[in-house]
Structure formats: structure tokens, C-alpha cells
Amino acid sequence: MVLKEKIGARSVRLAFAVLAGTAALTGNSVAQEQIQKVEITGSAIRRIAVEGALPVQRLSQEQIAKSGATNVAELIQALPAMQGFTIDAIAAGTNSGGRVSASIHDIGEDYTLVLLNGRRIAPQGSGSTINLNAIPLGAVERVEILTDGASALYGSDAIAGVINFILKKNLQGGSIEASYSQPGDSSPGSQSNINATYGFGDLNKDRFNVMASFRHDERKQIKAIDRDFASTAYVPFSNKGTNYIYDRTSPAAIPANVSATFNKVGSDPIGFNPYLKKNGSCAPMNQVALSNTALVQNCGFDFVQTIEIVPESKRDSFFGKASFKATEDITVFAEAAYSRLDLTARIAPNTASVSIAKGSPLYNTYVKPYLTAAQDADIKAVTASYRTYDWGTRDSQTITDSKNFVLGAEAELSTWNLSGGLTWSQNAIDERYVGGYVKNTEFRDMLAKNQFDPFLGIGAQSDATKQLIANSVYKGSIRDASTTLKGIDGRASRELFALPGGPAAIALGGDYRNYHYVQTPHATGSDIFGFSASPAYDLERANYGVFTELSAPVHKTVELSLAARYDTFDAVKNAIANRDMGSKESSSTYKLSARWQPSQSFLARGSYGTGFKAPSMLDIGQPLVAAGFTASSWDCPANLKAEKADYCQVGKRQYNVLSGGNESLKPEKSKQFTIGFRYEPTSTFSVQADLWDVKLKDAVSSVSEALIFGDPVKYRDLFTTFVDPGNNQTYWAKKTLSINIGQTHNQGVDWETTYRHRFAFGNLTSTLNGTYLIKSDYTTPGTDNVWVNSMNFFGVNDKVSFRHVVRLTTTLDTGAFSNQLTANYRNGYTDAEAESRNLSTNKLEKFRMEVPSHLTFDWQGKWSVNKQIALRAGVKNIADRNPPFSLRASSGHQVGFDPRYADPMGRTFYMTGTYTF
């Protein structure tokens, strides 16, 4: 599809045509519409809609429909300029609740500002990241994407750019649309939605308009076993002609593995699987772990066979707006948006560390027979690492409610254009466990009474125990959290005086926002076995700012603009700790921009600006709390083992992670520039490109898992201890702390070329566009001068920055019919380092694979049956290409591919019908 609205030279030609015919057509509504002044994303000054000094991509309602996107995230994340966002697949294994985000130019979701009708909405969490699920796609009229920093106008944190979702208004009549899609393999992953929109009253004639839009979406889950490329954690593969096995199986197995430690100083702990010792092979769904040593002979549980790679979800969204012309010059309006996402993610059955007492029946039956007499006499502690398969998969249901209310007014008084509004917005989640989690009291009681045997296989417990298991599954809310935004904004613009190129104009404005983040835990370790309770939060912070913008067309070919803003962020009020945290921060930002159009067909533009981003409330105020496990399994670092060997896990294991904030964080600051052109010599051809450059200093992040375990001596202060709530034993754990890591430097080119041709039978439009990354550099966490990068390389930041992301769209419109073919391309890269077993030498080897490029094709056809009825049908991923093979470790539990960079759906067919009335 065409990603950028062609409003450059073509708009100029339209403007000339309007001017030439004004005398004869003063009553023509089309001409009046063409010269109507509007506000374009990136500027607060109303002007005729011609291409300005800042690069703005626009998606019309028809372009959105032609994309085949079923939700806002699918629409936005497919754009070549987007990299580094969060996908909903990571809901499996995290507490994201299916949050999806946008990230312009791989700069980051925290630096990409998302607006709804030009105003902010409540983020998910304590920062600034917007969950795109809060945007009602059915009500979207168009999307404007400013791919340049806009801190001076919209707020200091809009460093990467702005995505503005502009919703329908002044609508008369209605429409009903229904869609259904299904992968070609089977029904898992199928989606359906229905959307109804209706409006009545003409704001210009009747002085009022009321409109409403409702949409319902459903999606079925995809299990890992539904896709061959994602079906196992024990992965055979070939690299450079050599056969390997990649083993991501888990040491928490069924039947359980045993870890034993001893009292004698210097005695190494041992590990073994009693079932393997007795039978010479592992039980079903288990493999002999490739990480085994002379002291450790474990079985690894193939957890991937139990997980989902695409979660099940239902979404309802509503948007309504009522507008009233109080006078010819004053319009007041009220708008409300609401969405509810009900997402259920299912991951592998829970893990449980069970203490086995010496002399108990379990010890005498499963442990003692495989110990020497000396080991039995010196035993210190025995732990069973068990997978609670008989309780079922861990199912977490997250209900996300997004509410947004705005009461506002727009006016033209004298020579001023005025607008303002009051905003109340909230993003709230309720996270519930609905299967697979074990009640603490019941589980411990079963163990104490020998009613449960962790060394039996799947389904081998007695009927009485199976009933106890059914009665011991925890179901209920574990936490709720909400972020509430209260804001007021106002702006005014007017023309000032005449200049050679037209009137100079000025805009003034200001806004106040209050953010309140609250999290309330509803379950503790006494409720759920091995559970670490969510912490309670009550954090609040206010932010206020003022801005001005000046536009000066100093020549008929040259326009200069200047915008400046001053922001203040209060310290974080921590109601639970009853104190302020962090410090009050203030900063000024600015942007200079210019456009030069020496001819009707050529436009040059550029900008330079600064940005400022205060740390999020949790970055400042979060205490050290449990935050899951490392993505990979690791040997106990030698320096930690020498320090306290008893705190080491036995063999390669995942280690607990604790995360925390930092009251000493400094604000992040940026400098950025763009320079570009657009050339449209004829109505059939156009080309444009924009070079962009963003430098950040004092960027807030944390040291990655790979760096910490790769150099545990250097990062010794990022290790701590954690008491396992399941067996009350103390283990080493990794800390994830917010720090000002140093600097980042991102640079690239957004480019596009379009060709049009008119045939006797129809019109052909072909657009090739993409983003070419030049730099994706950042300093190694904790330094300000040791530079690394992730360009086409899985970096220490656990992600890849792609040099080339390209899209080619060709559309043929032939009257009532339209056909569109789209090619999507992403280049290959060097994968994360991983350890695999060489089947020729039977030795473990560490290396990085080369992940190939990924190219997919999509097709959509449209038939406009008549003015009321339109039908669309399409195929995504026509060639049914699987995601490229990857060995990276995932926090979302997927193995064998990276869902951030390739869609696991496969070839997918869809149909859409629309009735307009």
C-alpha cells in the first residue's frame, strides 16, 4: 500500500487550480474544501494542507483497509519505519497482558509518542508507553506518523516521533463491516471481527453531530505444536553442513530431577533423575539433558510442547463523539473511547522446588538408592525440581480496560484559532490465574501426608491424588494495576504579518498532566505455592509545560519555523512510603525547521531539535522485587561459587531475577536532525528520502543478562540472593536495575518512490518504500565511551536492528475491482550466541548462526458491488514461509524462531464485507 499521502507537488497544483477558478466557483464546496486550513501532526499552526518541513507519513482509511490489518498493532508494526516494539506474543511467559507498542526507527517505545485525536492517553504502566490495544481501529479515519522528534510541541519525551490516530467526525450515515481470517493449515489462529459505525446530524447545517462506533474482535490461540518450526525445545538443525542439537529443555521435569548438597566443605553438589537411573532413558516429553556432566545426569522437560505461541484474545472497543456548534465560530465537543481486551496466555506447567527430607519415604525410595554410603551420611539438603504437569498449563487471563474521555472546544475568535480540552484517561489491568497454578496450603499438605509423589510420570498419580490435584488449582486475581491521566490543554494560533512568501503565523499553548499509577496485589506466597507476590505501588507525578511556534515564509520558496517548549516534572510522590522520590526536573527544548520549494516539482526540507525525557515513576521508585527468571540457563559463575557454593543451582539452570528502580536517575537528553527532499517531475513518478539522526545521552536502561553472566566479576554488584518460596532455600539471583547507561546514536534514511500509469482498463500504482539504518550504536551498559551496535547482529541489548526493512506495493484499480500485491522484506542477521551439541564430535559448541532474510507476499482483491456493498478477499504470506530459524533465548518461551521479527501465523486467508447506508 502507499505509505505516504502524496501532498507535496500535487497539492501545490491543486492549490493553483483552486486559485485560478475561485472567481467563477466561489460557491463550489470542493474548492472550499481544498483551501480549508487544517492542523497537521507536527505543527500547532493551522495551514493549507501541503507538505511541510517535517516528514509526515499518512495512512488513509482506504489504505488501512487495503493493508488487511485486523488491529492497530498489526497496522503500525508492519510499517518499515517501525523497529523495536513489543508484540503480544510475549504475553506467554510475562505479565505484559498482551501489551503491544510502537517504536519509530528502533529508538524505542518509550520515546515514541502515541496520540488520539492529537491528545495523550493513559499509558500502560508508570512510563509513557501506550498500549495500542487502547486504540479503536473501527473508528480510525486516518493515521499521521511524524518520523521526527516533536518534543518542542507535544512534550519533551516525543524524541523518536509521533503517531497520531485521527478518528472519524461529522459522520452522516453508517456502515457495518465483518471479517474472518484463518491460517491455511488449520483453525488455530483464526480471527473474526464485526464493526458498526453510525452518525447523524451535519455540524455545518444542523449545528450538531453525533457518531458512535463499536467493534468486536476474537482470535483463537496457536499452540507451539501447531507449527513444526516451533514445536519442541530439543531442536535438531544443520549449520554449515554439520548436524547439531539445540537443547532448551527445562531441568524442572516430570518425573522430577534431584539436586543434592553435602555438609563437607568442598564437596560438589550432584544432580540426577531417578527415572533415568532406573530405566536408562527419560520419561515421555523429556530428553537426556545435553548439559549433563559427570556430576549431573538430569532429564530435560520439553516444555515447548505445552505452550502457546499466539495467545487467545477477545476485544471490544467503542468510540463516541458529540459535537455542537454553539455559534458560527465556537464548537464544543465531548468524546469517549473505551476498549476491553480479554487475553489468555498459556505457558508450560509450573515449576516446583520440593524439599525432600532425609529418611522420608520419598528419600528412601528415589534418592538414597543412587547415593554412595558416604554421600548418604553427609547429605545436607535434597531438592526435587518438578514440573506440575498434572495441574495443567499455567493460564493467565488479563483484562485490560482502556477508557478515555475528552471535553473540549474549538473556536475562531477575531484573528485567533483556539482549541482546548479536559482529558481523563485510564489504562487498567486485572491479571488473573485461571489454571495450572497450585494452592500453597493444599500442595504442602499433600507432600506432608505423602499423598503426592513428584517422581511419578504424567498421569500416574492415584485417583485420590488426582482429585486432590483438581481441588488444589488456584483461580483468582493476583493483582490489578491502573494508570490514570488527568490533563488540561489549550492552544491558540494566528497570522501575524505579511512576508514575501505569505503571512507569518504564531502558536501558543500549554498543558498540565497528572499521572497516578497504582498496583494492588491480591495473592501472596501463602496462597500460591512458590509464588512471589506483586508489590504494592501508589505513585503520582505532575508534569506541566508551555510552548510556542513561529512560522515565517520569508520567501515565496522558503519557509522557516521555530518551536520552543519548557517542561517541568515534579518529584514522584510515593504514597506507600509517604515521601517524595527523585527530584523535580525542568528543561527547555526547541526545534528549527525549514522547507525550500524552488519549483512545483521539487521540495527540500530539514530540521534540528532537542529532546528531554524524565525517568518513569517505576524507574525511580520501584524497590527490588521478584521479576521472573533469566531467559537462558547458566552455570553458576565461578566467583559466586567460590563466595558461597550453597547458593548455586545444580548444573545449568535459570536464575531468579529481581528488578528495581534508582532514585539517582538523571533525565535523558537528545539532539536530532532531519534533512530530506521530495521530487515529483510528473504526475506519474515521485521519489523522496529523509535522512534522520538521533543522539541520546544518559539513556535509561539496564545491563543485559548476557553481559552480566558473561563477566560476573565486573558485574558482581548486579548479583544478589533470593529465597525460593517453594523450598525456602537461598540461591544466587540477578538484579535488573535502571541506570543511565551512557549514549545511543541512531541514524538512517526513510525513502520512497512511486510510479503511476494509466491504462485503458485501469490505473496502476506501484510504491517501493523502506527504512535504511545507518547506525544503531550504543555504549556498553555502565560506560559512556565503549561503543557497540546491534546492526544486523543480535546485540547485548538482546535485540536486532535491521539495516533494510522494505515494502513494495502494486495496486491495479479497474473500475469496480481492485487488486493489490505487497512484498515485505527484512534482511538477515547474525543470531544470538547459543550452545549446541555437535553430533559428529558429541561436544558442546558455542557459535552464532546466520539467520537468513525473510520475504513474504500478500494479496488483496476488492469488489465494489455497488455504492453500498464492498467485498474484500486476501491472502497473507502467499508462499507460506516459516519464520527464519533462530536460537535466541526468549522471555516469551518460544523456541526455534524470534516472533518479534517474523509472524508465526503462516499462509492466512481472509474475507471482509462492508455495507454502507
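Predicted, not measured: the structure shown is a model, and the values here were computed from it.

Turning our eyes to something else, we now look at the overall build of the protein. Within the protein, the regular secondary structure consists of 13 helices and 49 strands. For the protein, the C-alpha atoms occupy an extent of roughly 105 × 60 × 50 Å along the three principal directions. Each of the 917 residues in the protein was classed as buried or not, and the buried ones make up 56%. Taking the contacts inside the protein whose residues are at least 6 apart along the sequence as the reference set, 71% of them involve residues at least 24 apart. About 36,800 Å² of surface is accessible on the protein, with carbon and sulfur atoms providing 55% of the total. One finds the centroid of the 93 positive side-chain charges in the protein at a distance of 2 Å from the centroid of its 87 negative side-chain charges.

What follows deals with the packing of aromatic side chains. Throughout the structure, instances matching the rule amount to 36 aromatic pairs. For the ring pair Tyr 386 and Phe 452, a centre distance of 5.3 Å and an interplane angle of 65° mean the geometry is edge-to-face. Remark: Phe 452 occurs in the loop between helix H9 (440–448) and helix H10 (463–471) and Tyr 386 occurs in strand S23 (residues 379–387); sequence separation between them is 66 residues. When sorted by exposure, Tyr 386 lands in the same class as Phe 452, which is buried. One aromatic cluster is present, built from ring pairs that chain together Tyr 198, Phe 200, Phe 208, Tyr 915 and Phe 917.

In this section: the pattern of salt bridges. A side chain of one charge can pair with a side chain of the opposite charge when the charged atoms of the two come close. Counted according to the given criterion, the structure contains 36 salt bridges. In this structure, Arg 119 engages Asp 489 in a salt bridge whose closest nitrogen and oxygen atoms are separated by 2.8 Å. Taken together, the positions of Arg 119 in strand S5 (residues 119–120) and Asp 489 in strand S26 (residues 476–499) put the pair 370 residues apart, joining distant regions of the chain. One salt bridge in this structure joins Arg 900 and Asp 898, with 2.9 Å as the shortest N-O distance. On the basis of relative accessible area, Arg 900 is assigned to the partly exposed category, the value being 23%. One continuous salt-bridge network, built from bridges that share partners, spans Arg 58, Glu 141, Arg 142 and Glu 144.

In this section: the side chain of Glu 668. With respect to the helices and strands, Glu 668 occurs in strand S36 (residues 668–682). Salt bridges are absent for the buried Glu 668, whose nearest opposite-charge side chain, Lys 613, sits at 4.1 Å. In contact with Glu 668, not counting residues within four places along its chain, are Tyr 111, Gly 611, Phe 612, Lys 613, Leu 696, Lys 697, Asp 698, Ala 699 and Val 700.

This part takes up the sheet that holds strand S38 (residues 719–723). Taken in spatial order, the four strands line up as S34-S35-S39-S38 in an open sheet, and their pairing is mixed. Of all the strands in the sheet, the pair left with one neighbour each is strand S34 (625–629) and S38. Taking each pair of neighbouring strands and ignoring which way they run, the sheet shows an average axis angle of 45°. Looking at chain direction, S34 and strand S35 (residues 656–660) are connected through three bridges and run antiparallel. Across the sheet, residue Val 625 finds its bridge partner in S35, namely Ser 659.

Spatial strand order, S17-S15-S14-S23-S22: five strands in an open sheet with mixed pairing. Lying at the two open borders of the sheet, with one neighbouring strand each, are strand S17 (296–297) and strand S22 (351–355). In terms of strand pairing, strand S14 (residues 257–262) meets strand S15 (residues 270–272) through three bridges, oriented antiparallel. For Val 258, the partnering residue across the bridge sits in S15 and is Phe 272.

Definitions and limits used
Residues numbered from 1 in each chain as written. Predicted model: local features only at pLDDT ≥ 70, side-chain atom pairs only at ≥ 80, totals over all residues. Heavy atoms only, no water. Helix = DSSP H or I, 4+ residues; strand = E, 2+ residues; numbered from the N terminus. Buried < 20%, exposed > 50% of the residue type's maximum accessible area, 1.4 Å probe, protein only. Contact = heavy atoms within 4.5 Å. Areas by Shrake-Rupley, 256 points an atom, 1.4 Å probe, with all protein chains shown as cover. Lys, Arg positive; Asp, Glu negative; His and termini not counted. Charge placed at Lys NZ, Arg CZ, Asp CG, Glu CD. Phe/Tyr/Trp six-rings, centres within 6.5 Å; stacked < 30°, edge-to-face > 60°. Salt bridge = Lys/Arg side-chain N within 4 Å of Asp/Glu carboxyl O. Pairing = 2+ DSSP bridges. Axes fitted to C-alpha atoms, helices over the stretch in contact; angles between N-to-C directions.

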